Amino acid sequence: LLFNECATWRHNGHMLIKAWFLINLQQYIGIKLSKNTGFSITSANRYSLALFELAEENNLLSQIEDQSLSMLNLINQSNDFYNLIKDPTINQEDLSKVINIIVEKNKFNTLFKNFLNFLIQKRRFFFIESILESFIETCSIKRGELKAELKSAKNLSSDEITKITELLTKNFSSKIKLNYKHDESLIGGLVVQVGSTMVDTSIKNKLQQIENRMIEA
């Protein structure tokens, strides 16, 4: 029956991914995906949307989102792990063993574990960052949140971050999903981006603007 639905793949690729994942097929997801030499944003969205729908159906959205963030943090914090998943010569079985150890150590649930191994089987784990980032962004959009990036010259406390989040929420009349990063390269102030809107109070950037005007004069 699944093979009779191959035509649906052209318009709803993520639905086919979802269906095949649920019954744990070991073959590639159609010729179009398995033989594609690139991996576009659309491809990442198909996988992330399949994960979103599965998590939503099983009432595990919050849990899967937290575990996705944990996986992304691990990738960002461990050069060894990053290099491992980016190694094109890595054996699928060896990669699966590493992922299962991480799953057990972090107590990830079965759905997330199966999804990670599913990506390994389909030779798509190389793109795990794009897929999970897309999944997290989908969660935020479904909650009606605006994505905001905050950088500061000094290390901000939790209370300070909360106050900034509340201020942005009030000013933009929307829920704010704030991603904070301490950036010592800033001389002073804050750099805040909400969606496509940049709110810049950085002294460094102000000095740069002055310098640019002097060069142009």
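Residues numbered from 1 in each chain as written. Predicted model: local features only at pLDDT ≥ 70, side-chain atom pairs only at ≥ 80, totals over all residues. Heavy atoms only, no water.

What's the story with the overall build of the protein in this structure? I'm lost.
A tally of helices and strands in the protein yields eleven helices and four strands. Taking all 217 residues of the protein together, 35% fall into the buried category. Of the roughly 13500 Å² of accessible surface on the protein, a fraction of 51% belongs to carbon and sulfur atoms. (Helix = DSSP H or I, 4+ residues; strand = E, 2+ residues; numbered from the N terminus. Buried < 20%, exposed > 50% of the residue type's maximum accessible area, 1.4 Å probe, protein only. Areas by Shrake-Rupley, 256 points an atom, 1.4 Å probe, with all protein chains shown as cover.)

Mind showing me how you'd approach helix H5 (residues 61–77) here?
Note: α-helices contain 3.6 residues per turn, so residues at a spacing of three or four share the same orientation. Along its 17 residues, H5 runs 24 Å from first to last C-alpha, staying within 8% of the 24 Å computed at 1.5 Å per residue. Every buried residue of H5 is accounted for by Ile64, Glu65, Gln67, Ser68, Met71, Leu72 and Ile75. All buried residues of H5 project into a common sector of 165 degrees when viewed along the axis, lining one side. Among the exposed residues of H5, those pointing more than 90 degrees away from its buried face are Ser62, Asn76 and Gln77. (Expected span 1.5 Å × (residues − 1). Arc of directions from axis to C-beta.)

I would appreciate a short explanation of the nonpolar core in the present structure.
Inside soluble globular proteins, nonpolar side chains tend to come together where they are buried. Core analysis: the biggest nonpolar cluster contains 31 residues, and Met71, Ile99, Phe112, Leu116, Leu119, Phe125 and Ile128 have the highest contact counts within it. For this core, the leading source of residues is helix H8 (residues 110–121), giving seven residues. With residues up to four places along the chain from it excluded, the contact list for isoleucine 99 reads Phe81, Leu116, Ile120 and Phe125. Grouped together as the second largest cluster of nonpolar side chains are eight residues, Ala148, Leu150, Ile164 and Ile176 included. (Core = buried A, V, L, I, M, F, W, Y, C linked by side-chain atoms within 4.5 Å. Contact = heavy atoms within 4.5 Å.)

Help me out: how do you make sense of the pattern of salt bridges in this one?
Once the charged atoms of two side chains with opposite charge are near each other, the side chains can pair. This structure, assessed with the given rule, holds six salt bridges. Between glutamate 65 and arginine 143 there is a salt bridge whose closest N-O contact spans 2.8 Å. With glutamate 65 in helix H5 and arginine 143 in the loop between helix H9 (128–142) and strand S1 (145–152), the pair connects residues that are 78 residues apart, well separated along the chain. Judged by its relative accessible area of 5%, glutamate 65 falls in the buried class. Between glutamate 93 and lysine 97 there is a salt bridge, with the nearest N and O atoms lying 3.9 Å from each other. (Salt bridge = Lys/Arg side-chain N within 4 Å of Asp/Glu carboxyl O.)

It is not clear to me how the pairing of strand S2 (residues 175–182) should be interpreted in this structure. Could you clarify?
Sheet faces and side chains relate simply in a regular strand, where the side chains alternate between the two faces. Strand direction decides the pairing type here: S1 and S2, joined by eight bridges, are parallel. Within the sheet, the bridge partner assigned to glutamate 149 lies in S2 and is asparagine 179. Taken together, S1, helix H10 (residues 158–172) and S2 form a β-α-β motif whose crossover is right-handed. (Pairing = 2+ DSSP bridges. Right-handed = clockwise from strand over helix to strand, strands pointing away.)

What is the right way to look at the packing of H5 against H8 in this model?
For any two helices packed against each other, one specifies the crossing angle of their axes together with the interaxial distance. Closest axis-to-axis distance for the H5/H8 pair is 10 Å, and the angle between their directions is 50 degrees. Looking at the two axes, H5 sits oblique to H8. Crossing of H5 over H8 shows right-handed handedness. Residue-level contacts link Ile64, Gln67, Ser68 and Met71 of H5 to Leu111, Phe112 and Leu116 of H8. Along the lines of polarity and charge, the residues of the contact of H5 with H8 split into five nonpolar, two polar and no charged. (Axes fitted to C-alpha atoms, helices over the stretch in contact; angles between N-to-C directions. Parallel < 35°, antiparallel > 145°, perpendicular 65-115°, else oblique. Left-handed = near helix turned anticlockwise from the far one by under 90°. Nonpolar A, V, L, I, M, F, W, Y, C, P; charged D, E, K, R; others polar.)

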